[in-house]
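Next come the chains, spelled out residue by residue.
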Amino acid sequence: MLVNLLNIRFKQAYREILKIGLFRIAVLLGLAIMVFFFLFMQASQLPNASYASIAILLLIVVLHIKRGDRLFLRINFNSYKWVYFVEYTLVTFPFLIFLMIHSYWYLALSMVFVLGIIVQLDFKINRISYNTRIQRWIPSQCFEWKSGARSSFILIVCVWLIGLLLSFFVGSVPISMMVLGVISLNFLENGEPYQMLVAYEKAPNKFLLLKIRLQVVLLSIVCAPLFLSFLVFHYQLWYIPLLILLVFCVLQVYSTFVKYSFYEPNSSSPAAQLLLGVGIVSFMVPVLVPLVFLLTFRFYFKAKQNLNFYLNDYH
């Protein structure tokens, strides 16, 4: 049964890859090779190997939280947690091999052990909606944040509080800001009804600038207390949280353009989700950072063209 499910997963991935087109497949293949080379180099020495392991495990946690098939697997598989474990192990397998090649067996085994812990966690927070006073402060124009805060409120608060309370530990605030940044980017995955676009009564370029301003301001407000608490204990390293905030502000711009480049009302685009992942990964590989800026420039014009169909009356 597990083998059949994994076979279905591979077929699904194959179909999604075919949808994005030959050119994008070639680009993604090149990116994958560069990412694997970067991870191979990071796995060759400490502490980079440890940092890369933590970053990959955080991404797995985010993936585990966002899974939409948990109920299906729970109903149809008695050993559904083994499905999680096998899938996550396959995702991390290349990096595990890199660690073992460089004789960091203990790190590889530690990652496998943590994966075993992750699959035991039953995140039910996305099934519960919260409507608190804090969420009412979010502008109605930024409905992505309102919706995301309702479904992920407990997770956001826990990550924020952990970062704040443990800010005396040098890695606490940067990791918390990275997790919050990734969560906020996921708010942009789904396309809203077209009536919500028309309600702004703005031309495509003004609409995009407004969305970017709202996204960046809200992310900055969430991260500001974390940044200040980091300065209290590690003022000599002030540039680390600032750099992380700037990176995710750039990714907010990039993700907004990607979303509306592939926008269709009441739907999510696999291509947009894939390109969003490309943007996040590119900032983990310094040599790929210019690619994000080039894609941002390209998708700005594509987003304007796509939105023109819905907002043509407001030029």
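Nothing here was measured: the structure is a model prediction, and the numbers come from that model.

1. A word on the packing of aromatic side chains
- In this structure the tally under the stated criterion is eleven aromatic pairs.
- A ring pair is formed by Phe168 and Phe233, whose centres lie 6.4 Å apart and whose planes are at 75°; its orientation type is edge-to-face. Of this pair, Phe168 sits in the loop between α8 (143–165) and α9 (172–186) while Phe233 is found in helix α11 (residues 204–234), placing the two residues 65 residues apart along the sequence.
- Exposure remark for Phe233: the relative accessible area of 43% places this residue in the partly exposed category.
- Among the aromatic residues, ring-to-ring pairing joins Phe257, Phe297, Tyr300 and Phe301 into one connected group.

2. A word on the environment of Phe187
- Inspection of the secondary structure assignment puts Phe187 in the loop between α9 and α10 (194–198).
- Among the residues examined, Phe187 registers a relative accessible area of 12% and is labelled buried.
- In this structure, the C-alpha to C-alpha distance between Phe187 and Glu144, residues 43 residues apart in sequence, is 5.4 Å.
- Excluding residues that lie within four positions of it along the chain, Phe187 makes contacts with Glu144, Trp145, Gly148, Ala149 and Ile156.

3. Section: the environment of Glu144
- Tracing the backbone shows Glu144 in helix α8.
- Residue Glu144 is classed as buried on the basis of its relative accessible area, which comes to 4%.
- Apart from residues no more than four positions distant in its own chain, Glu144 is found in contact with Phe187, Leu188, Glu192, Lys211, Gln215, Lys259 and Tyr260.

4. Thoughts on the state of the cysteines
- By the definition in use, this model includes zero disulfides.
- Lacking any disulfide linkage, Cys223 is separated from the closest cysteine sulfur, that of Cys249, by 7.8 Å.

5. Remarks on the packing of α8 against α9
- α9 packs onto α8 with a crossing angle of 170° between their chain directions and a minimal axis gap of 10 Å. If you check the angle between α8 and α9, you find them roughly antiparallel. Of the residues in α9, those touching α8 at Trp145, Leu155, Ile156, Val159, Trp160, Ile162 and Gly163 are Ser172, Val173, Ser176, Val179, Leu180, Ile183 and Ser184.

6. A few points about α11
- Over its 31 residues, α11 extends 42 Å from the first C-alpha to the last, a length consistent with the 45 Å expected when each residue adds 1.5 Å.
- The sharpest bend along α11 comes to roughly 40°, located at Cys223, with the proline Pro225 sitting one to four residues further on.

7. Comments concerning the environment of Met100
- Secondary-structure assignment places Met100 in helix α5 (residues 80–101).
- On the basis of relative accessible area, Met100 is assigned to the partly exposed category, the value being 27%.
- The residues touching Met100, leaving out its near neighbours within four places in the chain, are Trp105 and Ala108.

8. Points about unusual backbone geometry
- One non-glycine residue with positive phi stands out, namely Ser103, at about 70°.
- Locating Ser103 in the fold gives a position in the loop between α5 and α6 (105–118).

9. A few points about the packing of α5 against α6
- Where α5 contacts α6, the axes come no closer than 9 Å and their chain directions differ by 170°. Accordingly, the angle class assigned to the pair α5 and α6 is roughly antiparallel. Considering only the axes of α5 and α6, their crossing is right-handed. Along its contact with α5, which presents Phe85, Tyr88, Thr89, Thr92, Phe95, Leu96, Leu99 and Met100, the element α6 presents Trp105, Leu107, Ala108, Met111, Val112, Leu115, Gly116 and Ile118.
- A per-class count over the contact of α5 with α6 returns 13 nonpolar, three polar and no charged.

10. What to know about a nonpolar patch on the surface
- Together, Leu161, Ile162, Leu165, Leu166, Phe168, Phe169, Val170, Val232 and Phe233 give the surface a local cluster of nonpolar side chains, amounting to about 880 Å² of exposed area.
- Put simply, the parts of the chain that give the nonpolar patch at least two residues each are α8 and α11.
- Among the elements that make up the nonpolar patch, the one with the highest residue count is α8 (three residues).
- Here Leu161 lies in helix α8.
- Assessed through its relative accessible area of 36%, Leu161 is described here as partly exposed.

Quick notes on the rules
Each chain carries its own residue numbering, running from 1 in the written order of its sequence. Since the coordinates come from a predicted model, pLDDT governs what is reported: local features require at least 70, and pairs of side-chain atoms require 80 or more to be given and counted, while whole-chain, interface and lining totals use all residues. Side-chain metrics in this entry use all non-hydrogen atoms of the structure; hydrogen atoms and water are not considered. Note on aromatic pairs: the rings of Phe, Tyr and Trp (six-membered ring only in Trp) are paired at centre separations within 6.5 Å, and the planes decide the class, stacked below 30 degrees, edge-to-face beyond 60, tilted for the rest. What counts as a helix is a DSSP run of H or I of at least four residues, what counts as a strand is a run of E of at least two, and both are numbered from the N terminus. With a 1.4 Å probe rolled over the protein chains alone, any residue whose accessible area is under 20% of its type maximum counts as buried; one over 50% counts as exposed, and the rest are partly exposed. Any two residues whose heavy atoms approach within 4.5 Å are treated as being in contact. A pair of sulfur atoms, both from cysteines and within 2.5 Å, is called a disulfide here. Axis lines are fitted to C-alpha atoms, over the contacting stretch for helices. Their N-to-C directions set the angle, which ranges from 0 to 180 degrees. In this scheme, roughly parallel covers angles under 35 degrees and roughly antiparallel covers those over 145, while 65 to 115 is roughly perpendicular and the rest are oblique. By definition here, a helix of n residues has an expected span of 1.5 Å times n minus one. At every residue, the bend is computed as the angle between two fitted axes, covering the seven residues ending there and the seven beginning there respectively. The sense of a crossing depends on the near helix, which, turned anticlockwise from the far helix by less than a right angle, makes the crossing left-handed and, turned clockwise, makes it right-handed. Residue classes follow a fixed rule: Ala, Val, Leu, Ile, Met, Phe, Trp, Tyr, Cys and Pro count as nonpolar, while Asp, Glu, Lys and Arg count as charged, and any other residue, Gly among them, counts as polar. Each patch groups residues whose relative accessible area exceeds 30% and which form no salt bridge, using 9 Å between like charges and 5 Å between nonpolar side chains of Val, Leu, Ile, Met, Phe, Trp and Tyr. Using the Shrake-Rupley algorithm and a 1.4 Å probe, accessible areas are obtained, with residue cover drawn only from the displayed protein chains. A pair is scored as a salt bridge if a Lys or Arg side-chain nitrogen falls within 4 Å of a carboxyl oxygen belonging to Asp or Glu.

Treat this as a map of the structure, not an account of what it does.
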